[in-house]
Amino acid sequence: MRTVHEQGANRELPRPSYEWAYFFDLDGTLVELAAKPWGVTADRELRELIASLARDTHGAVAVITGRAIADIDRLFPDIRLPVAGQHGVERRTFSGALRRHSFPVEMLDAARTTLQAVQVRHQALLLEDKGLSLALHYRQAPRLASYAHRVMHRLRDDLGDAFCVQTGKRVVELKPAGRDKGMAIREFMDEPPFAGRRPVFIGDDSTDEHGFEVVNAYGGLSIKVGGGTTIARRQLPDVRAVRAWLSQEPEFHTPQRRSPEVVSP
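Scoring rules and cut-offs
The residue numbers shown here count from 1 along each chain, following its written sequence. Per-residue local features of the predicted model are confined to residues with pLDDT of at least 70, and side-chain atom pairs are confined, for both listing and counting, to 80 or more; whole-chain, interface and lining totals are unaffected and use all residues. Side-chain metrics in this entry use all non-hydrogen atoms of the structure; hydrogen atoms and water are not considered. Starting at the N terminus, helices and strands are each numbered in turn, a helix being any DSSP run of H or I of at least four residues and a strand any DSSP run of E of at least two. Contacts are assigned to residue pairs that have any heavy atoms within 4.5 Å of one another. Any pair of Phe, Tyr and Trp rings, taking the six-membered ring for Trp, is counted once the centres come within 6.5 Å. Such a pair is stacked with planes under 30 degrees apart, edge-to-face with planes over 60 apart, and tilted for the rest. Think of it in three bands: residues with accessible area under 20% of the maximum for their type are buried, residues over 50% are exposed, and the middle band is partly exposed, with areas taken using a 1.4 Å probe on protein chains only. By the convention used here, strands pair only if DSSP detects at least 2 bridges between them. Axis definition: a line fitted to C-alpha atoms, over the contacting stretch in the case of helices. Angles run 0 to 180 degrees between N-to-C directions. Think of a polar contact as two N or O atoms within 3.5 Å of one another; within protein, one of them needs to be a possible hydrogen donor and the other a possible acceptor, and neighboring residues in sequence only count if both atoms come from side chains.

Caption draft 1: Broad picture of the environment of Gln166. Looking at the element boundaries, Gln166 is found in strand E8 (residues 163-168). Apart from residues no more than four positions distant in its own chain, Gln166 is found in contact with His87, Val171, Val172, Glu173, Lys175 and Thr207.

Shown next as structure tokens:
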């Protein structure tokens, strides 16, 4: 996967367009990161901004997140958004249909019990049980990072190839293999109201790189929030800059059918 340094992606962004398809990560992108994942809230200004964008794009706005769909509904109670949750393991379409990746969910039970015991021993670690995946956060205890990663990799080895380890900002996650944010965006792009539009994806973490890769292949606009190396073609410094960009008066462009480019290996 080709990477670019942050300064190389710092070209001026075009103004948003109502004719684009918008895909957003949540934590670190639309809302600030919190010490505890359940401490995040979506303020009224953000809820109104997303609701307005969804209305003006005829619904072409989706959240692509590591959180569960139920968590997004809690944060945005006034609007039922299309969502890819748990890194694409579950997905709700614009029409409201729920798609779940088929995998042996009961296999997570033993891992859940192990991680609950780990949290009892190391109370600075936070276990987030999303139902279809398990995340161990070490934001409050960065010294335990290597330990958290070792635990998760050991559990993954016990479970086998049906599962994988997903890393993020001071979090390590055990999730079903074979799904990622890029695949979720590709699926949305085959469905109305996203089909035929230019995709835009904004994210801040390594888990978003799969989404950037797919959006780049569509000739879309990939935007990384914050510093670091990335394959995103543009960057914004922080959550405040993302909101400011989205709040601009939109431009209007002639929509055209977007298909993935053929990318040489």
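Caption draft 2: Here's a closer look at the packing of aromatic side chains. With the rule as written, the count across this model stands at 6 aromatic pairs. Residues Trp20 and Tyr22 carry aromatic rings whose centres are separated by 6.1 Å and whose planes lie at 50° to one another, so their mutual orientation is tilted. Centroid distance Phe23 to Phe188: 6.0 Å. Interplanar angle 35°. Geometry classified as tilted. You can see Phe23 sitting in strand E1 (residues 20-24) and its partner Phe188 sitting in helix H5 (residues 181-189), a full 165 residues away along the chain. The exposure class assigned to Phe23 is buried, which follows from its relative accessible area of 0%. Assessed through its relative accessible area of 0%, Phe188 is described here as buried.

Caption draft 3: A look at the sheet that holds strand E10 (residues 198-203). A sheet is described by the order of its strands in space; here 8 strands give the open sequence E5-E4-E3-E2-E1-E10-E11-E12, paired in mixed fashion. Each edge of the open sheet is held by one strand with a lone partner, namely strand E5 (98-100) and strand E12 (234-236). Neighbour to neighbour, the strand axes of the sheet diverge by 15° on average, direction disregarded. Inspection of the sheet shows strand E3 (residues 83-85) paired to strand E4 (residues 90-92) by 3 bridges, in the antiparallel sense. Within E4, the position partnered with Gly85 by the bridge is Glu90.

Caption draft 4: Summary view of the side chain of Thr57. Inspection of the secondary structure assignment puts Thr57 in the loop between helix H1 (44-56) and strand E2 (61-64). A residue is classified by how much of its surface remains accessible, and Thr57, at 0% relative accessible area, is buried. A polar contact of 3.2 Å, which involves the side chain of Thr57, links it to the backbone nitrogen of Ala60. Other than its neighbours up to four places away in sequence, Thr57 contacts Tyr18, Trp20, Tyr22 and Arg197.

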